[in-house]
2 protein chains.
Amino acid sequence: MDFSSKLLENAVNEMSQLPGIGKRTALRLVLHMLKQPQEQTSQLAAALEKMRNEINFCKNCHNISDLTLCEICANPGRNEKQVCVVEDIRDVMAIENTSQYRGHYHVLGGKISPMDGIGPGDLNIPSLVDKVSNGQVEELIFALSSTMEGDTTNFYIYKQIEGFNVLSTTIARGISVGDELEYADEVTLGRSILNRIPFETSLKS
Amino acid sequence: MDFSSKLLENAVNEMSQLPGIGKRTALRLVLHMLKQPQEQTSQLAAALEKMRNEINFCKNCHNISDLTLCEICANPGRNEKQVCVVEDIRDVMAIENTSQYRGHYHVLGGKISPMDGIGPGDLNIPSLVDKVSNGQVEELIFALSSTMEGDTTNFYIYKQIEGFNVLSTTIARGISVGDELEYADEVTLGRSILNRIPFETSLKS
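Residues numbered from 1 in each chain as written. Chains lettered and ligands numbered in written order. Predicted model: local features only at pLDDT ≥ 70, side-chain atom pairs only at ≥ 80, totals over all residues. Heavy atoms only, no water.

As annotated in an unreviewed UniProt entry, chain A is Recombination protein RecR from Pukyongia salina. Per UniProt, chain A has the following entry under Function (unreviewed entry): "May play a role in DNA repair. It seems to be involved in an RecBC-independent recombinational process of DNA repair. It may act with RecF and RecO." (UniProt positions renumbered as here; feature names shortened; annotations may be inferred.)

1. Quick word on the relation of the copies chain B and chain A
The operation relating chain B to chain A is a screw motion whose rotation component is 180°, with 0.0 Å of axial translation and a residual RMSD of 0.0 Å. Both chain copies can therefore be described as sitting about a two-fold axis. Of the C-alpha atoms belonging to chain B, the one lying closest to the rotation axis is found on alanine 45 of chain B, 2.2 Å away. Counting the interface residues of chain B, we find that 100% of their copies in chain A are interface residues as well, pointing to one common contact surface. (Least-squares fit on C-alpha atoms with pLDDT ≥ 70 in both. Contact = heavy atoms within 4.5 Å.)

2. Quick notes on the interface of chain B and chain A
If you look at the interface, chain B gives 52 residues, while chain A gives 52 residues. Summed over both partners, the interface of chain B with chain A comes to about 5,100 Å²; 68% of that surface belongs to carbon and sulfur atoms. The interface formed by chain B and chain A includes zero salt bridges. For the interface between chain B and chain A, the tally reads 14 residue pairs in polar contact (both at pLDDT 80 or more). Contributions of two or more residues to the side of chain B that touches chain A are made by helix H1 (6-15), helix H2 (23-35), helix H3 (38-54), strand S2 (64-65) and helix H5 (89-98) of chain B. By residue number, the principal contributor to the side of chain B that touches chain A is H3 of chain B, which donates 15 residues. (Buried area = accessible area lost by both parts, 1.4 Å probe. Salt bridge = Lys/Arg side-chain N within 4 Å of Asp/Glu carboxyl O. Polar contact = N/O pair within 3.5 Å; in protein donor to acceptor, adjacent residues only side chain to side chain. Helix = DSSP H or I, 4+ residues; strand = E, 2+ residues; numbered from the N terminus.)

3. Focus on the pairing of strand S6 (residues 167-170) of chain B
All names here are of chain B. Where strand S5 (residues 139-142) and S6 come together, four bridges link them in parallel fashion. The partner of leucine 140 across the bridge, within S6, is serine 168. In this fold, the crossover linking S5 to S6 by way of helix H7 (residues 148-161) has right-handed handedness. (Pairing = 2+ DSSP bridges. Right-handed = clockwise from strand over helix to strand, strands pointing away.)

4. Digging into the sheet that holds strand S4 (residues 103-107) of chain A
All names here are of chain A. Read from one edge to the other, the open sheet built from four strands follows the order S4-S3-S5-S6, with strand pairing classed as parallel. Both outer strands of the open sheet, S4 and strand S6 (167-170), are each paired with one neighbouring strand and no more. The sheet shows a mean angle of 25° between the axes of neighbouring strands, taken without regard to direction. Here strand S3 (residues 79-86) pairs with strand S5 (residues 139-142) via four bridges, running parallel. Bridge pairing in S5 places cysteine 84 opposite isoleucine 141. Packed on one face of the sheet, helix H6 (residues 126-133) meets S3, S4 and S5 and runs near 145° to S4. (Axes fitted to C-alpha atoms, helices over the stretch in contact; angles between N-to-C directions.)

5. Comments concerning the pattern of salt bridges
Residue and element names in this part refer to chain A. Inspection of the entire model under this criterion finds twelve salt bridges over all chains. For arginine 90, the salt bridge goes to aspartate 88, with nearest N and O atoms at 2.9 Å. You can call arginine 90 partly exposed: its relative accessible area is 33%. Relative accessible area serves as the criterion here: at 11%, aspartate 88 is assigned to the buried category. (Buried < 20%, exposed > 50% of the residue type's maximum accessible area, 1.4 Å probe, protein only.)

6. A word on the sheet that holds strand S3 (residues 79-86) of chain B
All names here are of chain B. Taken in spatial order, the four strands line up as S4-S3-S5-S6 in an open sheet, and their pairing is parallel. Every other strand in the sheet has two partners, leaving strand S4 (103-107) and S6 as the edge strands with one partner each. Pairs of neighbouring strands in the sheet enclose a mean axial angle of 25°, with direction left out of account. On the sheet, H5 packs against S3 and S4 and is oriented at approximately 160° with respect to S4. On the sheet, H7 packs against S3, S5 and S6 and is oriented at approximately 165° with respect to S5.

If you want it as structure tokens, here you go:
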């Protein structure tokens, strides 16, 4: 693209570094900013910079938090013996939205993915293994995405904590509520038959 | 959405003010920034703010430019008697990419759109009428999008310059190069038959 202004070109180039935003979308966003009051762009710039420079992570679960201990970890009403292993804050938010879980979380910060150059050393795994080896955890719930990377990460952690006295569970895979059987993929349908539960249990949830 | 951090919430809220970016996308973008070096976010914030505060518009054609006169208007090799009326800088860039036009532009900064509260007074129309009434323009080429708003704007300007000695033209509407006839809509196909050109002319372009 051939821009008539260096300022515009710089802004577009910086915006298009973000994932899923190409040059055209970046230009559209930047031109939108030009039509809005100056303060709006200043506020956006300030919010992004402040967030990036001052963000904190909970020292217990590694979730994003403004305090040293996040609200969930600081809540005495939650069961700290139950730890749900998730990839990032979006998963914490999704599970919290269900109102079905009253335990703690452990945010890994990603999944093992050799293709993207992410190894176990880049994730918050040692602190999780420490918690387990210290006997602080009774149940570890694996709640990573059901992908190759998610399964690899689950298995890696499982091997690390093998031998310690902890119950490892994983969230149920099966047919989504409201889905038609005929459109379900074979693997999911197969697993949902293998892992069937008593009908009475399903009535309660 | 329930965020565990005010800083994160602010950044997401500001990002989701941009068109086409919802809360989920904003969160994805902001979390991406957290995984990148701090400097990258600083550079983005600085580029946006600098662009918004220091941007200039060419005093002749109203295109975005770092100087008082844009490169196109300052180029003595271009025909200033020919003026192409466009909506914004993206259209200038698109036409420049074709390398088929060697005249000047006039950037309106939008289209007349009562639904969005944009009237003729919000656009750069008076300076265009001035140029025409001063006899500076021989041909005015309308190159707005072929929508209700575009047609309204074309017609409004046409009425304003009626009576002045200027040739008004509009870019050709027709079947796109490479398109199959059977998939073309009726209006476009109808217009392309009405506005047919000598076969010899088509061989030259």
